[in-house]
Amino acid sequence: MADTCVEMRTFVQVVEAGSLAAAGRSLGLSTAVVSRRLAGLEQRLGTRLVHRSTRNLSLTDEGARYRQRCEQILADIETAEAEALRGTGSAVGVLRITTTVAFADRLAPLLARFAGEHPTLSIHLHASDDRINLVEDGIDLAVRFGRLAESSLIAKRLAPNRRVICAAPAYLRAHGYPRVIEDLASHRCIVMGEPPVGEWRFADGRNVRVGGRLSCNEGRTAHQWALAGAGLVLKSIWDVADDLAAGRLVTVLDRAPMPVADIHALYAHRRHLAPRVRLCLDFLQRELGELAVRLGIESAPASGVS
């Protein structure tokens, strides 16, 4: 029976990921092992479940019917395990999380505490500012600012967030304060992205072209440049709250707020979340919410997501 469950999980993952290689990455297996499991399942059942080509996979009629049954059986197993674990509040297995490079500094100590509360759980944190395919890369949760538009992923709000324009006092003494958003065109602005995005969008719908001599592909470098007095930077309040409180950075144009981009957890659709994912979601929502209160972080009144 255990081998049958393994084959079912492999088959369902192949269908969801869209290729043997992607399924292998998600399961932590080689493509060859996934291929052997699928072939063994088809041989045992005496029918072809998947049409294979060099470019994609497609289900046979038998495969489509079998997938529905497999998903229901696996969901029932997950439900039974979740109900059993709910009484102990335990999380088991490996929890894979991704977040931005800058926010990893905030998230890391929280995840260490969560792991300490669940000794049967292992955590892998992947810090990257690139968009990641959760299914193909085997990621359980992505913690991001804002929500992905037009995405099949499920989004759960974890905490408020707003973006602010700020700079070091030394830069402002040398170059002056921008009084209106049009003044940004004459300032040294540090831009981010790959390629760098030289436009800042405000909550009232106005877009302003910005630029300078420094640009980078991730937020931590831009943060360090701003602290060094190199220019104005657009950052999440979470990234700069400590520097603002200590006076190392100062906000400007506070009366021209940016669109709200609250912190969300993104995860692939599942009928029943694994206990480790559900418990981590609840933990992060509670801990980040309490931390937001202590840091004085509140969402701006404007609406929208960036």
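Values in this document were obtained by computation on a predicted structure and should not be read as measured data. (Residues numbered from 1 in each chain as written. Predicted model: local features only at pLDDT ≥ 70, side-chain atom pairs only at ≥ 80, totals over all residues. Heavy atoms only, no water.)

Student: What is the right way to read the packing of helix α5 (residues 104–117) against helix α9 (residues 275–295) from this model?
Tutor: Two packed helices can be described by the angle between their axes and the distance between those axes. For the pair α5 and α9, interaxial distance at closest approach is 11 Å and the crossing angle is 130°. It follows from the interaxial angle that α5 and α9 lie oblique. Crossing geometry of α5 relative to α9 is assigned as right-handed. Contacts between α5 and α9 involve Arg106, Leu107, Leu110, Leu111, Arg113, Phe114 and Glu117 on the former and, on the latter, Arg276, Leu279, Cys280, Phe283, Leu284, Glu287, Leu288 and Leu295. Partitioning the contact of α5 with α9 into residue classes produces 10 nonpolar, no polar and 5 charged. (Axes fitted to C-alpha atoms, helices over the stretch in contact; angles between N-to-C directions. Helix = DSSP H or I, 4+ residues; strand = E, 2+ residues; numbered from the N terminus. Parallel < 35°, antiparallel > 145°, perpendicular 65-115°, else oblique. Left-handed = near helix turned anticlockwise from the far one by under 90°. Contact = heavy atoms within 4.5 Å. Nonpolar A, V, L, I, M, F, W, Y, C, P; charged D, E, K, R; others polar.)

Student: Looking at this model, I keep getting lost on the nonpolar core. Mind explaining?
Tutor: A general tendency of soluble globular proteins is for nonpolar side chains to be buried together. Grouped together as the largest cluster of nonpolar side chains are 40 residues, with contacts concentrated most on Trp238 and Leu284. Looking at which element gives the most residues to this core, the answer is α9, with 9 residues. Excluding residues that lie within four positions of it along the chain, Leu284 makes contacts with Leu107, Leu110, Leu111, Val143, Leu158 and Gly289. In this structure, Ile165, Ala167, Trp200 and Leu253 belong to the second largest nonpolar core, which totals 18 residues. (Core = buried A, V, L, I, M, F, W, Y, C linked by side-chain atoms within 4.5 Å. Buried < 20%, exposed > 50% of the residue type's maximum accessible area, 1.4 Å probe, protein only.)

Student: Would you mind showing me how to read the sheet that holds strand β12 (residues 232–236) here?
Tutor: Two strands in a sheet stick together by hydrogen bonds in their backbones, pointing the same way (parallel) or opposite ways (antiparallel). Within the open sheet, the 5 strands sit side by side as β11-β8-β12-β7-β13. Their pairing is mixed. Two strands in the sheet have a free side with no partner beyond their single neighbour: β11 (215–216) and β13 (250–252). Where strand β8 (residues 189–192) and β12 come together, 2 bridges link them in parallel fashion. Bridge assignment links Ile190 to a residue of β12, and that residue is Val233. Packing against the sheet, helix α8 (residues 237–246) makes contact with β7 (163–167), β12 and β13, and its axis sits at approximately 115° to β12. (Pairing = 2+ DSSP bridges.)

Student: Help me understand the environment of Arg213, please; the structure alone is not making it clear to me.
Tutor: With respect to the element layout, Arg213 can be found in the loop between β10 (207–209) and β11. Arg213 gets classed as exposed once you look at its relative accessible area, which sits at 79%. Arg213 sits 22 residues away from Val191 along the chain, and the two C-alpha atoms are 9.1 Å apart.

Student: In this structure, what is going on with the packing of aromatic side chains? I would like to understand it.
Tutor: Describing an aromatic ring pair means giving the distance of the ring centres and the angle of the ring planes. As enumerated under the stated definition, the model contains 4 aromatic pairs in all. Pairing Phe103 with Phe145 gives two aromatic rings, centres 5.2 Å apart and planes at 75°, and the pair type is edge-to-face. Here the residue Phe103 occupies a position in the loop between β3 (93–99) and α5, and Phe145 occupies one in strand β5 (residues 141–145), the gap between them amounting to 42 residues. Each member of the pair, Phe103 as well as Phe145, is classed as buried. Residues Phe114 and Phe283 carry aromatic rings whose centres are separated by 5.1 Å and whose planes lie at 40° to one another, so their mutual orientation is tilted. Residue Phe114 is found in helix α5, and its partner Phe283 is found in helix α9; the two are separated by 169 residues along the sequence. Among the aromatic residues, those joined into a ring-pair cluster are Phe103, Phe145 and Trp238. (Phe/Tyr/Trp six-rings, centres within 6.5 Å; stacked < 30°, edge-to-face > 60°.)

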